[in-house]
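Chains, contacts and geometry: an overview
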Amino acid sequence: MALNGKVAVVTGGGQGLGKGFAECLLQNGAKVSLFDVDEKTGETTKATFEKEFGTDRVVFCACDVTLEEQFKDALQKTVEKFGGIDIVCNNAGIINEGNWEKTVAINLNGVIRGTYLALNHMKKENGGRGGVIINIASLAGLGPFPTCPVYTATKHGVVGFSRAIAMASAAAGYGVRINIICPNFVRTAMLGALTSEEQCGQFFQLQEINHKLLDSYGVLEVSDVVKAFESLVLDESQNGAAVSVGAEGFDYVKFPTAEDLKKKSNM
Ligand SMILES: NC(=O)c1ccc[n+]([C@@H]2O[C@H](COP(=O)([O-])OP(=O)(O)OC[C@H]3O[C@@H](n4cnc5c(N)ncnc54)[C@H](O)[C@@H]3O)[C@@H](O)[C@H]2O)c1
């Protein structure tokens, strides 16, 4: 997929990984609509990008991914400004075991909402142009993160939902690919949650586990994850793929096949 002139939406695009994905899209010639609940950060990032890429290729929309109407309005505003949507990255996410309902609302419900609302604009049967949706999960979407059970559940949910809707999209001929990124720890503001009493909630006393995990896995830079993102956006052969990103680079996750699962259910 050539990115020049394409229109992209990145949720949580104000900082961290979302900002990195947005910058990569702009560098490749796309137009970007940044969605973020934090208006100050979103506007600052927009202004930074405008200096580098010009004022006609970036917009900021205040958008809380937990709010259906706000999300719908922000997508509509993007379509009105840029004339359609080709790429959506559902990236907004938090770690907050102390407020697990909010974590589910943003990390899982927000991704499902973002995928469905984006498909309404992108799928060919609605007159859309097709395209690609990238949903951001985590290594905690592939295995347990012991101090963050709810974060783990939401990220497993993102992986399962995205793989299934990718198959539905292909079967129904939506013309939209849906792929997943599962990064290891990344140097962003989110890591601060791992030492916050409020965000660790009842697992604050188990912080030693976080320190050990950080020591053993190491911490990636945003640019390491951006490489995986760029590849998944560009590679039109990938649909329903999950890519893990670690110290060794990125790799496609091998899941059990339908045949493997059938064999297991007959054991
Ligand atoms: N940093 C890591 O170690 C790491 C590892 C694996 C996966 N991830 C995932 O990457 C994604 C981005 O995380 P990050 O590390 O860049 O974090 P971050 O905290 O730096 O950025 C998250 C952004 O999302 C925005 N946001 C939060 N709630 C929102 C909401 N309700 N609606 C809209 N925007 C909202 C924030 O304002 C912020 O700009 C998340 O889904 C996270 O789970 C991060």
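Anything mentioned here points back to the structure above.
Throughout what follows, the structure given in this document is the object of discussion. (Residues numbered from 1 in each chain as written. Predicted model: local features only at pLDDT ≥ 70, side-chain atom pairs only at ≥ 80, totals over all residues. Heavy atoms only, no water.)

Concerning the overall build of the protein chain
From N to C terminus, the protein chain includes 9 helices and 8 strands. A compact globule built from 267 residues should have a C-alpha radius of gyration of about 18 Å, and the protein chain, at 18 Å, falls within 12% of that. Across its three principal directions, the C-alpha atoms of the protein chain cover 50 × 50 × 35 Å. Burial statistics for the protein chain: of 267 residues in total, 49% are counted as buried. In the protein chain, the proportion of contacts linking residues at least 24 apart, taken out of those at least 6 apart, comes to 70%. As displayed, the protein chain offers around 12300 Å² of accessible surface, 52% of which is attributable to carbon and sulfur atoms. In the protein chain, the 25 positive side-chain charges and the 30 negative ones have mean positions that sit 5 Å from each other. (Helix = DSSP H or I, 4+ residues; strand = E, 2+ residues; numbered from the N terminus. Rg over C-alpha atoms; globule rule 2.2 N^0.38 Å. Buried < 20%, exposed > 50% of the residue type's maximum accessible area, 1.4 Å probe, protein only. Contact = heavy atoms within 4.5 Å. Areas by Shrake-Rupley, 256 points an atom, 1.4 Å probe, with all protein chains shown as cover. Lys, Arg positive; Asp, Glu negative; His and termini not counted. Charge placed at Lys NZ, Arg CZ, Asp CG, Glu CD.)

What about the site of the ligand?
Neighbouring the ligand are 27 residues, the closest being D36, N91, Y151, V186 and T188. In this structure, D64 approaches the ligand through a side-chain N or O atom, which is 3.0 Å from a nitrogen atom. Here V65 contributes a backbone N or O atom positioned 3.0 Å from a nitrogen atom of the ligand. Contact with the protein chains covers 93% of the free accessible surface of the ligand, which is 830 Å². At a threshold of 2 Å from the grid points, most atoms of the ligand map onto the largest pocket. Every element with two or more residues in the shell around the ligand is listed here: helix 1 (16-27) and helix 5 (149-172). Looking at the shell around the ligand, its residues break down into 15 nonpolar, 8 polar and 4 charged. (Near = heavy atom within 4 Å. Polar contact = N/O pair within 3.5 Å; in protein donor to acceptor, adjacent residues only side chain to side chain. 1 Å grid on protein atoms, 1.4 Å probe; cavity = no way out; pocket = protein on both sides within 12 Å on 5 of 7 lines; lining within 4 Å. Sits in = over half its atoms within 2 Å of the grid points. Nonpolar A, V, L, I, M, F, W, Y, C, P; charged D, E, K, R; others polar.)

Brief notes about the packing of helix 4 (residues 100-122) against helix 5
The N-to-C vectors of helix 4 and helix 5 enclose an angle of 15 degrees; their axes lie 8 Å apart at closest approach. It follows from the interaxial angle that helix 4 and helix 5 lie roughly parallel. The handedness of the crossing between helix 4 and helix 5 is right-handed. Contacts between helix 4 and helix 5 involve W100, T103, V104, N107, L108, V111, I112, T115, Y116 and L119 from the former and V150, Y151, T154, K155, G157, V158, F161 and I165 from the latter. Residues that form the contact of helix 4 with helix 5 fall into these classes: 12 nonpolar, 5 polar and 1 charged. (Axes fitted to C-alpha atoms, helices over the stretch in contact; angles between N-to-C directions. Parallel < 35°, antiparallel > 145°, perpendicular 65-115°, else oblique. Left-handed = near helix turned anticlockwise from the far one by under 90°.)

Things to note about helix 5
With 24 residues, helix 5 should reach 34 Å at 1.5 Å per residue; the first-to-last C-alpha distance of 34 Å fits that figure. Regarding helix 5, the residues found buried are V150, Y151, T152, T154, K155, V158, V159, F161, S162, I165, A166 and S169. Where the residues of helix 5 are buried, they touch helix 4, strand 5 (131-136) and strand 6 (176-183). Backbone geometry just after helix 5 places G173 at a positive phi near 70 degrees. (Expected span 1.5 Å × (residues − 1).)

Topic: the nonpolar core
Counting 35 residues, the largest nonpolar core has L25, I134 and F229 as the members making the most contacts within it. Broken down by element, this core gets its largest block of residues, 7 residues, from helix 8 (residues 222-234). (Core = buried A, V, L, I, M, F, W, Y, C linked by side-chain atoms within 4.5 Å.)

Here we look at the packing of helix 1 against helix 2 (residues 39-53)
The description of two packed helices rests on the angle between their axes and on the distance between the axes. Two elements in contact, helix 1 and helix 2, have axes separated by 11 Å at closest approach and are oriented at 20 degrees. Considered as vectors, helix 1 and helix 2 are oriented roughly parallel to each other. The handedness of the crossing between helix 1 and helix 2 is right-handed. Only T45, F49, E52 and F53 of helix 2 make contact with helix 1, whose side of the interface consists of K19, A22, E23, L26 and Q27. In terms of residue class, the contact of helix 1 with helix 2 is built from 4 nonpolar, 2 polar and 3 charged.

Digging into the state of the cysteines
Going through the model one piece at a time under the given rule, you end up with 0 disulfides. Free of any disulfide, C61 has its nearest cysteine sulfur in C63, 7.6 Å distant. Unpaired in this structure, C200 has its nearest cysteine sulfur neighbour in C148, at a distance of 6.4 Å. (Disulfide = S-S within 2.5 Å.)

Details of the side chain of E97
With respect to the element layout, E97 can be found in the loop between strand 4 (87-90) and helix 4. Although E97 is buried, it forms no salt bridge, and the closest oppositely charged side chain is K155 at an N-O distance of 11 Å. If sequence neighbours within four positions are ignored, E97 has contacts with T103, T147, C148, P149, V150, Y151, Q199, C200, G201 and F203. (Salt bridge = Lys/Arg side-chain N within 4 Å of Asp/Glu carboxyl O.)

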